[in-house]
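Single-letter residue listing:
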Amino acid sequence: MERIRIGVIGCGQWGPNQIRSFFFHPRTQVVRVCDKDASRLTAITGLYPGVAGTQDSAEVTRAADIDAVVITTPVSTHYALAKDALENGKDVLCEKPLTLRASEARQLAELARSKGRVLMVGHVFLFNPGILKLKELIDQRAAGQVYYLHAERTNLGPVRNDTNAVYDLASHDLSIFNYLLGGRPRVISAHGRCFLQKGIEDVAFVSLEYPGGVLAHIHVSWLDPKKIRQITVVGQDKMITWDDLSLTGPVEVYAKHVERYPNFRGFGEFYLSVKEGEVLIPHVKHVEPLRQQADHFVTCVQERKRPLADADSAAEIVETLEEIERILAGAR
Ligand SMILES: NC(=O)c1ccc[n+]([C@@H]2O[C@H](COP(=O)([O-])OP(=O)(O)OC[C@H]3O[C@@H](n4cnc5c(N)ncnc54)[C@H](O)[C@@H]3O)[C@@H](O)[C@H]2O)c1
């Protein structure tokens, strides 16, 4: 089978990771990379022999020698670049979140459909082995009925200026929660503050309710002393944690719960008893999520399949982000 010829637009902080994934992928060839900033191009083309550089994105989106375009530029540029690539018959892998506005995301989804192109979004945590294990455990009802989820995603920077911390960071947690729970939130509330830049929240606390009454909470911050990437799932029978930075294994299952016993001294009353239990650390094979994501994109392009992180599910995430943004903006 012929290698898929790839063009990558955006060689900033994240772009080089995508370039590496596709450069070393056995079924792709990175033909050209693009960045407006010439110094970024020199850095990349110096690292990867045979890869050409251009400052003009049209030399990627409209090039006859490119089959698929990977977009790793700031969110505010995604819509125009993805639209141009799709209109010119390219398959597209676009970084998350797909766009700033949900209407734009829906347009791109429709355009990809009408052109018969693959449009996948880089919701990379759907390829994270720890998150896959969490999904497996929830689907097996290992925790019993899920009561609530809590996500924490903090660090000191990197600080962006075209989106707030919700678009930048909570987009990951929304993609994870929607995947774990198989739906999207129906009730949304949020608090945030713009400590560093006017009109751009660097910290936010988002509360959600999913179908079935499952509560979810997301804390995101660019202004925190610690890098934390954690999720807690509290269920009726067990509690499960995910820690992407853990050295012992990303997932821990706590056999902890609260039992109800009938209180025979009262009438129809219960007393609650806290049950402590062992902690299980299931084996989770370490594989690089970004490589898995690249592999999935390549398979979808070659087999003309609908990707896991497709444009419709990505548009739902943008809709939620937009609603959170509306709530936060109302309180600025
Ligand atoms: N999946 C992840 O875990 C993850 C992590 C970091 C960033 N990202 C995503 O990757 C994207 C880029 O983030 P980053 O941190 O690399 O940003 P960045 O600002 O470091 O880099 C963006 C690069 O794009 C270039 N650029 C901007 N507009 C361009 C255009 N029209 N044509 C060509 N080049 C252009 C800039 O010169 C810059 O070098 C964002 O969508 C971000 O959300 C994803």
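Quick look at the overall build of the protein now. In terms of regular secondary structure, the protein is built from 9 helices and 16 strands. In terms of overall dimensions, the protein is globule-like: its C-alpha atoms have a radius of gyration of 22 Å, near the 20 Å expected for 332 residues. Seen through its principal axes, the protein has C-alpha atoms that stretch 80 × 45 × 40 Å. When the 332 residues of the protein are sorted by exposure, 49% land in the buried category. Contacts in the protein between residues at least 24 apart in sequence constitute 67% of all its contacts with a sequence separation of at least 6.

Moving on, we come to the packing of aromatic side chains. Scanning all chains against the criterion turns up 7 aromatic pairs. Centroid distance Phe 125 to Trp 242: 5.9 Å. Interplanar angle 90°. Geometry classified as edge-to-face. Here Trp 242 lies in strand 12 (residues 239-243) and Phe 125 lies in the loop between strand 6 (119-122) and helix 6 (129-139), a separation of 117 residues in the sequence. In terms of burial, Phe 125 and Trp 242 fall into one category: buried. Chaining the aromatic ring pairs together yields one cluster made of Phe 23, Phe 24 and Tyr 48. For the cation-ring pair, Lys 135 lies above Tyr 179, with the distance from its terminal atom to the ring centre recorded as 5.2 Å. Sitting over the face of the ring of Phe 125, Arg 153 holds its NZ or CZ atom 4.4 Å from the ring centroid.

This next bit is on the pairing of strand 1 (residues 4-9). In terms of burial, strand 1 is largely enclosed, as 5 of its 6 residues are buried. Here 6 bridges tie strand 1 to strand 2 (residues 28-34), and the two strands are oriented parallel to one another. Bridged to Val 8 within strand 2 is Val 33. Crossover handedness for the path strand 1 to helix 1 (residues 15-23) to strand 2: right-handed. Across 4 bridges, strand 1 lies against strand 4 (residues 68-71) in parallel orientation.

Neighbouring the ligand are 22 residues, the closest being Gln 13, Trp 14, Asp 35, Lys 96 and Arg 160. Thr 73 is positioned with one of its backbone polar atoms (N or O) 3.2 Å from an oxygen atom of the ligand. In the model, an oxygen atom of the ligand is placed 2.9 Å from a nitrogen or oxygen of the Lys 96 main chain. Within the complex, the protein chains bury 83% of what would otherwise be the 850 Å² of accessible surface of the ligand. Per-element accounting of the shell around the ligand gives the leading share, 3 residues, to helix 4 (residues 75-87).

A few words on helix 6. The buried fraction of helix 6 is high, at 8 of 11 residues. Regarding helix 6, the residues found buried are Pro 129, Gly 130, Ile 131, Lys 133, Leu 134, Lys 135, Leu 137 and Ile 138. The secondary structure elements touched by the buried residues of helix 6 are strand 7 (146-156), helix 7 (165-181), strand 11 (223-235), strand 12, strand 13 (251-254) and helix 8 (289-303). The N-cap of helix 6, judged by a side-chain oxygen 2.9 Å from the amide nitrogen of Gly 130 a few residues on, is Asn 128. Once helix 6 finishes, Arg 141 follows within two positions and takes phi at roughly 60°, a positive value.

This part is about the side chain of Asp 224. Examined against the element boundaries, Asp 224 turns out to sit in strand 11. Put simply, Asp 224 is tucked away with no salt bridge, and the nearest opposite charge, on Lys 226, sits 7.6 Å away.

On to the sheet that holds strand 12. With mixed pairing, the 8 strands of this open sheet are ordered in space as 8-9-10-7-11-12-13-16. The two strands at the open ends of the sheet, each matched to only one other strand, are strand 8 (187-193) and strand 16 (279-280). Lying on the sheet, helix 6 is in contact with strand 7, strand 11, strand 12 and strand 13; it crosses strand 12 at an angle near 170°. Most of the contacts of helix 9 (residues 311-330) go to strand 8, to which it runs at about 55°, and overall it touches strand 8 and strand 9 (203-210).

One can describe the packing of helix 1 onto helix 8 by two numbers: an axis separation of 9 Å at closest approach and a directional angle of 60°. Of the possible angle classes, the one that applies to helix 1 and helix 8 is oblique. Note that helix 1 runs across helix 8; the crossing there is right-handed. For the pair helix 1 and helix 8, contact is made by Asn 17, Gln 18, Arg 20, Ser 21 and Phe 22 and by Leu 290, Arg 291, Gln 293, Ala 294, Phe 297 and Val 298, respectively. Residues of the contact of helix 1 with helix 8, tallied by class, amount to 5 nonpolar, 4 polar and 2 charged.

Another aspect to go through is the domain arrangement of the protein. The domain boundaries assigned to the protein delineate domain 1 (4-123 + 290-307) and domain 2 (126-288 + 320-330). Listed as interface residues are 19 residues of domain 1 and, on the opposing side, 16 residues of domain 2. Counting the surface lost from both domain 1 and domain 2, the interface buries some 1,500 Å², and carbon and sulfur atoms represent 52% of this. In terms of surface lost to domain 2, no three residues of domain 1 exceed Lys 96, His 123 and Gln 292, which account for 36% of the buried area on that side. The interface formed by domain 1 and domain 2 includes 3 salt bridges. Between Asp 168 and Lys 96 there is a salt bridge, with the nearest N and O atoms lying 3.4 Å from each other. The tally of links from domain 1 across to domain 2 stands at 12 residue pairs in polar contact (both at pLDDT 80 or more). Sorting the residues of the side of domain 1 that touches domain 2 by element identifies helix 4, helix 5 (102-115) and helix 8 as the ones contributing at least two each. Take the side of domain 1 that touches domain 2: its biggest share by element is 5 residues, from helix 8. A class-by-class count of the residues in the side of domain 1 that touches domain 2 yields 7 nonpolar, 7 polar and 5 charged.

Criteria and thresholds
Residues numbered from 1 in each chain as written. Predicted model: local features only at pLDDT ≥ 70, side-chain atom pairs only at ≥ 80, totals over all residues. Heavy atoms only, no water. Helix = DSSP H or I, 4+ residues; strand = E, 2+ residues; numbered from the N terminus. Rg over C-alpha atoms; globule rule 2.2 N^0.38 Å. Buried < 20%, exposed > 50% of the residue type's maximum accessible area, 1.4 Å probe, protein only. Contact = heavy atoms within 4.5 Å. Phe/Tyr/Trp six-rings, centres within 6.5 Å; stacked < 30°, edge-to-face > 60°. Lys NZ or Arg CZ within 6 Å of the ring centre and 35° of its normal. Pairing = 2+ DSSP bridges. Right-handed = clockwise from strand over helix to strand, strands pointing away. Near = heavy atom within 4 Å. Polar contact = N/O pair within 3.5 Å; in protein donor to acceptor, adjacent residues only side chain to side chain. Areas by Shrake-Rupley, 256 points an atom, 1.4 Å probe, with all protein chains shown as cover. Lys, Arg positive; Asp, Glu negative; His and termini not counted. Salt bridge = Lys/Arg side-chain N within 4 Å of Asp/Glu carboxyl O. Axes fitted to C-alpha atoms, helices over the stretch in contact; angles between N-to-C directions. Parallel < 35°, antiparallel > 145°, perpendicular 65-115°, else oblique. Left-handed = near helix turned anticlockwise from the far one by under 90°. Nonpolar A, V, L, I, M, F, W, Y, C, P; charged D, E, K, R; others polar. Domains from an automatic or database assignment. Buried area = accessible area lost by both parts, 1.4 Å probe.

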